[in-house]
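Structural characterization, general
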Amino acid sequence: MNNTEHVVDIFTQNARAASSTVVTAGSLREAVDYAVRLCADNAGIPPSVPGGEEGRDILAAPDMPADLWPHLVEAGKAKGVRVIDKNVREHPNGVCVGFSVGDMGIANTGTVILRCYKEDTRLASMLAETHVIALPASTIVATSYDAEDFLQQAMAGPMYTAFISGCSRTSDIERVLTLGVHGPLSLHIILIQEGQA
Amino acid sequence: MNTNTGTLREYRKSIQEALDDEYLRKTLDTFAVDYHASRIAAFKTMDEKEVIREIAEAKDSAISRMDELYTQFKEKAEANGVMVHRADTAEEANAIICAIAAENACKKIIKSKSMTAEETLLNPALLEKGIEVVETDLGEWIIQLRHESPTHMVLPAIHLSRNQVADVFSQTTGKKEEADISTLVKVARRELREKFATADMGISGANFAIADTGTIGICTNEGNGRLVTTLPRVQVAITGLDKLVPTLHDALRIIRVLSRNATGQNITSYVSWITGATECRLDPDERKIMHIVFVDNGRTQLAADPACKDALHCVRCGACANVCPVYRLVGGHKMGYIYIGAIGLILTYFFHGADKAKNLILNCINCGACKEVCAAGIDLPAIIQEIRCRLNESQGSPLPAKLLGMVLKDRKRFHTLLKFAKWVQKPVTAGTPFVRHLPSIFDVGQNSRALPAIVDDAFRDRWPYLCHEYTEGSRLVGLFAGCALDFLYPEQLEAALTLMHRKDCRIVFPFEQSCCGLPVQMMGQRTAAVATAKANIDAFENTGCEYVVTLCASCGSHIKHTYPLLLADDPEYSAKAESFVGRIKDFSSFAVDVLDYGEKDFAVGDDKIRDGVCYHCACHLCRGLGVTQQPRALMRAAGDYQQTAEEDTCCGFGGTYSVEFPEISSQILIKKLDRLEASGARYLVTDCPGCVMQLRGGEEKRGRKLVVQHMAEFLVARLNTKQAKE
């Protein structure tokens, strides 16, 4: 196992320990298909917040690369999934799936780094019942110290940078771990390993 | 708000109520045990001591230049569109935030967790202005609905059961909510979502304020912090000046330890790094209206206070409460004002004043467990003792402390009194403090342990008759007795004499040695503590001994850690203290490291005592002196040592503490003995006469299931008598 495989392995282990679902895909396009499928599968589940019914078929993807947007719309249409890229705020009671593209991964905590200056980027990762992050496996580093240069650059001007390690959780009642408090009920990380199907 | 600020009697009464709360007791007990295991697992792959040392060093440097970091932060953040404020007092901080609300016509506020906002009592200040404030962290929301303060910095509602949460939720929603935890969490999700969506202002705290980039860092698990900082059009962060760090690296370093130390979690689900005002689509400029309020409220003054400034290293992980044997029994409402645990006792004094701290500051048993786990390496017990001194110096000492202080300044008077007490042995002296270090003799109201009496002949009275037996040997050893051994357990010292002499030691016992001074230190009597330190240093000054051996871990730990501090500024004694401290050695380490005691020295075959032996690791030995291996090696060599759970948890003695808070002390003892008896061992060994007193006294009441021995007694009874003296 080379070093890159090693950190990916550790990342996967720690992300799973933090209750994230980790899968791999050969391309971002595959990751998009995964998210659409997830949204279609979950659309029938009752929302966790009253009034959330209207967002059950919504997939919010505010940062989809332009070249993949038509594919996303198409795939959504085929599965009965509505795709939005802005005004996530109009769905305060939740959307079914939020889709983000992670900037970096940190192996020893199973963390994804996500720059989200835009309000919609943030809200897609907060108001979605299921948050899906596509993360190029090549961006994974061993520890947070290895991400310092990147973070330092991100903090050079106005920026909201998030470390995301699992979904929203609490142990505030009797110290019993419960997933899904105010944010996503679950987090799916799709590791993109280019060239591998 | 809690009720810890009345008289000491009222405080003790309220403690009894907490002790009677069975749910609380059980919850905190399970938590203490679970926490211990998860912390070990969380640090498995990290040199935690090294990271903690780095954190302490970096924090120390940061608090020495808070002003400079503040200026730098302000410049950076303002360049990125944030308005930065500095409030000298809690009231000023609240006024600034109320003004921001008024200026922006904010009527509804949502908050994520902030201890600083708790400290400034921000919520009542906002409510007074007619503004709705809703806490969104689940635990904080629960206690807000119950009109309570947090009982833990990380788990604010740890004192409540699911039934109590269901009750308060039912009152809030107006319908019966089921007492099922995942259902209750969903109630919070449901009820609070509307609050998030309609709030005009979001208030958060900040775990870090990075000066270099003007960034704040917020660690949360629930995701509420992210919604609070994103949805409303106005964003306010409130934080202490002590949260300023120079660089991102400093913050990342703290994150490595913070949640691992708090709950055993690798990292919180979310860490949000907010640099400047970010996009908000509700605003005409599509930028957030963002303010950051830095609170001083005593921090600048504390930073300039050499004896206590380390309290500002705190990263608010709450671990000092997690491991505290007192917290484990009484919970946060009795162990803090707003901040809780050991750091709470300290910050209450500095942020909220002497009056709020005067009772709390007494409620530390000085077991050192907090210091051992502190994420920022703070010597919490030492700062607590310093505050006791200051309170006594500013407000006058309570009579018992004053009397003990007076008596201990004069060794002859002290020893005369102890001998006098031998004849009295009863309540004439009850309430006078010198007996409080030997509380067993006179104390009343302690039903969980029997009390030893002062012996007819103290060790110092026997010594003139014994000394001639110990004048031969190649190694000269000084014996530091300490009061408890000298006046209660001279036979333990004699056992040690036998063991040392067997290994070619000759022994000196300087007669002018006195109490080590720990009891007066614990009671905040600084001048008496200094006087006893000097007397003991003088007593051993010209003896020429290579080692000064003590059988009392508390004396040893006090001498080692506190003498250098007490005498640091004394031109005559600072060097002498260092030399004395360098020679101090606890008996178990001395027996193994110097005298090379091992299996060969103890009875074998039919002569070997086969009954199991369990161990109580004295706080001041394992944490105070860092000795863990040698006693266990000795027990394995001389007997059948059986390891038990929580060997290093306090026995509840704590010297003067067991007299000040007998209810707590005896509850800790009961739990300790329950665990030890369950091992099925016949012998219980420890390295401190205070622990012997506590444990033996407890066993006396419980029918002597365990034979409690000092290590020296234990070893001497198991010597291989067939083997010639070396």
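Description of the structure in this document. Being a predicted model, the structure only gives us computed values, none of them experimental. (Residues numbered from 1 in each chain as written. Chains lettered and ligands numbered in written order. Predicted model: local features only at pLDDT ≥ 70, side-chain atom pairs only at ≥ 80, totals over all residues. Heavy atoms only, no water.)

**Examining the overall build of chain A**
Inclusion rule: A run of DSSP states H or I qualifies as a helix once it reaches four residues; a run of E qualifies as a strand once it reaches two. Both are numbered from the N-terminal end. Within these notes, the globule rule equals 2.2 Å times the number of residues to the 0.38 power, and the radius of gyration is based on C-alpha atoms. To sort residues, take the accessible area from a 1.4 Å probe on protein chains only and compare it with the maximum for the residue type: under 20% means buried, over 50% means exposed, and anything in between is partly exposed.
What chain A contains, in helices and strands, is five helices and twelve strands. Expected size for 197 residues packed as a compact globule is a radius of gyration near 16 Å; at 16 Å, chain A falls within 12% of this value. Oriented by its inertia axes, the alpha-carbon framework of chain A measures out at about 45 × 45 × 35 Å. Every one of the 197 residues in chain A was classed for burial, and the buried ones make up 60%.

**A few points about the overall build of chain B**
How we decide: A 1.4 Å probe and the Shrake-Rupley method give the accessible areas. Residues count as covered only by the protein chains that appear here. Positive charges are assigned to Lys and Arg, negative charges to Asp and Glu, while His and the chain termini are left out of the count. Charge positions are represented by NZ for Lys, CZ for Arg, CG for Asp and CD for Glu.
When its secondary structure is counted, chain B shows 36 helices and 18 strands. Here the C-alpha radius of gyration of chain B, 28 Å, is about what a compact globule of 726 residues would show, namely 27 Å. Every one of the 726 residues in chain B was classed for burial, and the buried ones make up 64%. Taken as a whole, chain B presents about 25400 Å² of accessible surface, with 50% of it coming from carbon and sulfur. For chain B, the centre of its 87 positive side-chain charges and the centre of its 92 negative side-chain charges are spaced 2 Å apart.

**Some thoughts on helix H12 (residues 248–263) of chain B**
All names here are of chain B. How we decide: In this analysis, the expected span of each helix is defined as 1.5 Å times one less than the number of residues it contains. Across the chain, bend at a residue is computed as the angle between axes fitted to the seven residues ending at that point and the seven starting from it.
For H12, built from 16 residues, the straight-helix expectation of 22 Å at 1.5 Å per residue is met to within 8% by its first-to-last C-alpha distance of 23 Å. At Ile255, H12 shows its maximal kink, close to 25 degrees. With its phi angle positive at about 85 degrees, Gly264 sits one or two positions after the end of H12.

**Describing the interface of chain B and chain A**
What counts is decided by this rule: Pairs of residues are marked as contacts when any of their non-hydrogen atoms sit within 4.5 Å. Each of two parts loses accessible area, computed with a 1.4 Å probe, when they are put together; buried area is these two losses added. The salt bridge definition used is simple: a Lys or Arg side-chain nitrogen within 4 Å of an Asp or Glu carboxyl oxygen. Under the rule applied, a polar contact is a pair of N or O atoms within 3.5 Å (in protein, one hydrogen donor and one hydrogen acceptor; residues adjacent in sequence only if both atoms are side-chain atoms). Amino acids outside the nonpolar list (Ala, Val, Leu, Ile, Met, Phe, Trp, Tyr, Cys, Pro) and the charged list (Asp, Glu, Lys, Arg) are all regarded as polar, and Gly is one of them. The criterion for strand pairing is that DSSP finds at least two bridges linking the strands in question.
Contacts between chain B and chain A engage 68 residues on the former and 58 residues on the latter. Contact between chain B and chain A buries roughly 5500 Å² in total, counting both sides, with carbon and sulfur atoms accounting for 55%. A salt bridge links Asp120 of chain A to Arg281 of chain B; the shortest N-O distance between them is 2.8 Å. Scanning the region where chain B abuts chain A turns up 34 residue pairs in polar contact (both at pLDDT 80 or more). Of all the elements, helix H10 (residues 181–198) of chain B adds the most residues to the side of chain B that touches chain A, at twelve residues. Its residues placed into classes, the side of chain B that touches chain A shows 30 nonpolar, 22 polar and 16 charged. Sheet topology note: the strand S9 (residues 159–164) of chain A/strand S9 (residues 270–275) of chain B ladder contains six bridges and is antiparallel. Bridge pairing links Tyr160 of chain A to Ile274 of chain B in S9 of chain B.

**What about unusual backbone geometry?**
Note: most residues except glycine have negative phi, and most peptide bonds are trans. Notably, Glu174 of chain A is not glycine yet its phi reads approximately 50 degrees, a positive angle. Unlike most non-glycine residues, Glu646 of chain B shows phi in positive territory, near 55 degrees. Tracing the backbone shows Glu646 of chain B in the loop between strand S16 (640–641) and helix H33 (657–660).

**Quick word on the pattern of salt bridges**
All names here are of chain B. Evaluated as defined, the whole model comprises 61 salt bridges over all chains. Asp67 is the salt-bridge partner of Arg86, the closest N and O atoms lying 2.9 Å from each other. With Arg86 in strand S1 (residues 82–87) and Asp67 in helix H4 (residues 66–79), this pair connects stretches of sequence that are 19 residues apart. When its relative accessible area of 45% is taken as the criterion, Asp67 is described as partly exposed. A salt bridge links Arg190 to Glu177, with the shortest nitrogen-to-oxygen separation between them at 3.0 Å. Pair noted here: Arg190 is in helix H10 and Glu177 is in the loop between helix H9 (162–173) and H10, with a separation of 13 residues, a long-range link. When salt bridges with common partners are traced through the structure, they connect Asp29, Arg328, Glu646, Lys671 and Arg675 into a single cluster.

**Examining the nonpolar core**
Our working rule: We call a set of buried Ala, Val, Leu, Ile, Met, Phe, Trp, Tyr and Cys residues a nonpolar core when their side-chain atoms join them within 4.5 Å.
Grouped together as the largest cluster of nonpolar side chains are 171 residues, with contacts concentrated most on Phe73, Trp273 and Ile664 of chain B. Ala481, Ala528, Leu634 and Tyr641 of chain B belong to the second-largest nonpolar core, a separate cluster that totals 102 residues.

**What about the packing of aromatic side chains?**
All names here are of chain B. Which entries qualify depends on this criterion: Aromatic rings from Phe, Tyr and Trp, with only the six-membered ring used for Trp, were paired whenever their centres fell within 6.5 Å, and each pair was classed as stacked if the ring planes differed by under 30 degrees, edge-to-face if by over 60, and tilted otherwise. Should the NZ of a Lys or the CZ of an Arg lie within 6 Å of a ring centre and within 35 degrees of the ring normal, that charge is described as sitting over the ring.
Applying the stated rule across the entire model yields 20 aromatic pairs over all chains. Judged by centre distance (5.0 Å) and plane angle (80 degrees), the rings of Phe459 and Phe509 are edge-to-face. Placement of the pair is Phe459 in helix H23 (residues 459–466) and Phe509 in the loop between strand S12 (505–508) and helix H26 (518–522), with a sequence separation of 50 residues. Judged by relative accessible area, Phe459 falls into the buried class, the value being 0%. Following the ring pairs from residue to residue traces out a cluster consisting of Phe459, Trp463, Tyr470, Phe509 and Phe511. It is Arg86 that lies over the ring of Tyr70; its NZ or CZ is 5.3 Å from the centre. Over the ring of Tyr597 we find Lys503, and its NZ or CZ is 4.5 Å from the ring centre.

**A word on a negative patch on the surface**
This is how it is decided: Only residues whose relative accessible area exceeds 30% and that form no salt bridge enter a patch; like-charged residues are grouped when within 9 Å of one another, and nonpolar side chains (Val, Leu, Ile, Met, Phe, Trp, Tyr) when within 5 Å.
A cluster of like negative charges, contributed by Glu17, Asp20, Asp21 and Glu22 of chain B, occupies part of the molecular surface. With respect to the helices and strands, Glu22 of chain B occurs in helix H2 (residues 22–42).

**Section: the sheet that holds strand S18 (residues 707–710) of chain B**
All names here are of chain B. The sheet built from four strands is open, its strands ordered S16-S15-S17-S18 with parallel pairing. Only two strands of the sheet have a single neighbouring strand rather than two, namely S16 and S18. Bridging between strand S15 (residues 612–615) and strand S17 (residues 683–686) involves three bridges; their strand directions are parallel. Looking at the pairing, Val613 lines up with Tyr683 of S17.

**Focus: the environment of Ile140 of chain A**
Take Ile140 of chain A: it is sitting in strand S8 (residues 140–141). Along the primary structure Ile140 of chain A and Ala107 of chain A are separated by 33 residues, whereas in three dimensions their C-alpha atoms are 6.4 Å apart.

**Describing helix H34 (residues 662–678) of chain B**
An α-helical segment advances 3.6 residues per turn. Residues three or four places apart therefore align on the same side. Residues and elements named next belong to chain B. For H34, spanning 17 residues, the distance from its first C-alpha to its last is 24 Å, which sits close to the expected 24 Å at 1.5 Å a residue. When you tally the buried positions in H34, you get twelve out of 17 residues, the bulk of the element. Residues Pro662, Glu663, Ile664, Ser665, Ser666, Ile668, Leu669, Lys671, Lys672, Leu673, Leu676 and Glu677 constitute the buried set of H34. Positive phi shows up at Gly680, right after H34, with a value of about 80 degrees.

**Structural notes on the packing of H34 of chain B against helix H35 (residues 689–702) of chain B**
Residue and element names in this part refer to chain B. Convention followed: Axes here mean lines fitted to C-alpha atoms, for a helix over just the part in contact, with angles spanning 0 to 180 degrees between N-to-C directions. These descriptions rest on fixed angle ranges, namely under 35 degrees for roughly parallel, over 145 for roughly antiparallel, 65 to 115 for roughly perpendicular, and the rest for oblique.
Put simply, H34 and H35 touch, their axes get as near as 10 Å, and they point 75 degrees apart. Accordingly, the angle class assigned to the pair H34 and H35 is roughly perpendicular. Side by side, H34 and H35 meet where Ser665, Leu669, Ile670, Lys672, Leu673, Asp674 and Glu677 of the first sit next to Gln694, Leu695, Gly698, Glu699 and Arg702 of the second. Across the contact of H34 with H35, the residue classes break down as four nonpolar, three polar and five charged.

**Things to note about the sheet that holds strand S1 (residues 21–25) of chain A**
All names here are of chain A. One open sheet accounts for six strands, arranged S1-S12-S7-S4-S2-S3; its pairing is parallel. In the strand order of this sheet, the two ends are held by S1 and strand S3 (82–84), each with one partner. For this sheet, the mean inter-axis angle between neighbouring strands, taken without regard to orientation, is 25 degrees. In the sheet, strand S7 (residues 128–136) pairs with strand S12 (residues 186–192) via seven bridges, with the strands oriented parallel. Following the sheet pairing, His131 is matched in S12 by Leu187. With respect to the sheet, helix H2 (residues 28–42) is in contact with S1, strand S2 (58–60), strand S4 (95–101), S7 and S12, its orientation differing from that of S4 by roughly 170 degrees.

**Digging into the side chain of His182 of chain A**
Within the secondary structure layout, His182 of chain A lies in the loop between strand S11 (178–179) and S12. The class of His182 of chain A is buried, set by a relative accessible area of 1%. When residues no more than four places from it in sequence are discounted, the contact partners of His182 of chain A are Met126 and Ser168 of chain A together with Thr136, Ala188, Arg189, Leu192, Arg193, Phe196, Glu222, Gly223, Asn224 and Leu227 of chain B.

**Re empty space enclosed by the protein**
Residue and element names in this part refer to chain B. In plain terms, the rule: Points on a 1 Å grid, built from protein atoms alone, make a cavity when a 1.4 Å probe fits but cannot get out and make a pocket when they are open with protein on both sides within 12 Å along at least 5 of 7 lines; residues with an atom within 4 Å of a point are the lining residues. Grid points are joined across faces, edges and corners, and a volume is the space filled by probe spheres set on the points.
Scanning all chains against the criterion turns up eight cavities of 30 Å³ or more. By volume, the largest cavity amounts to about 310 Å³. Ser554, His620, Phe653, Gly655 and Cys688 are, among the 29 residues lining the largest cavity, the residues nearest its centre. Residue composition of the lining of the largest cavity, grouped by class: 20 nonpolar, nine polar and no charged.

**With respect to the packing of helix H8 (residues 138–145) of chain B against H9 of chain B**
Residues and elements named next belong to chain B. Defined as follows: Throughout, a crossing is termed right-handed when the near helix is turned clockwise from the far one, and left-handed when it is turned anticlockwise from it by less than a right angle.
Direction vectors running N to C along H8 and H9 enclose 70 degrees, while the axes themselves pass 10 Å from each other. Taken together, the axis directions place H8 and H9 in an arrangement best described as roughly perpendicular. Helix-helix and strand crossings are classified by hand; for H8 and H9 the assignment is left-handed. Where H8 abuts H9, its residues Leu138, Trp141, Ile142 and Leu145 lie against Val165, Val168, Phe169 and Thr172. Across the contact of H8 with H9, the residue classes tally to seven nonpolar, one polar and no charged.

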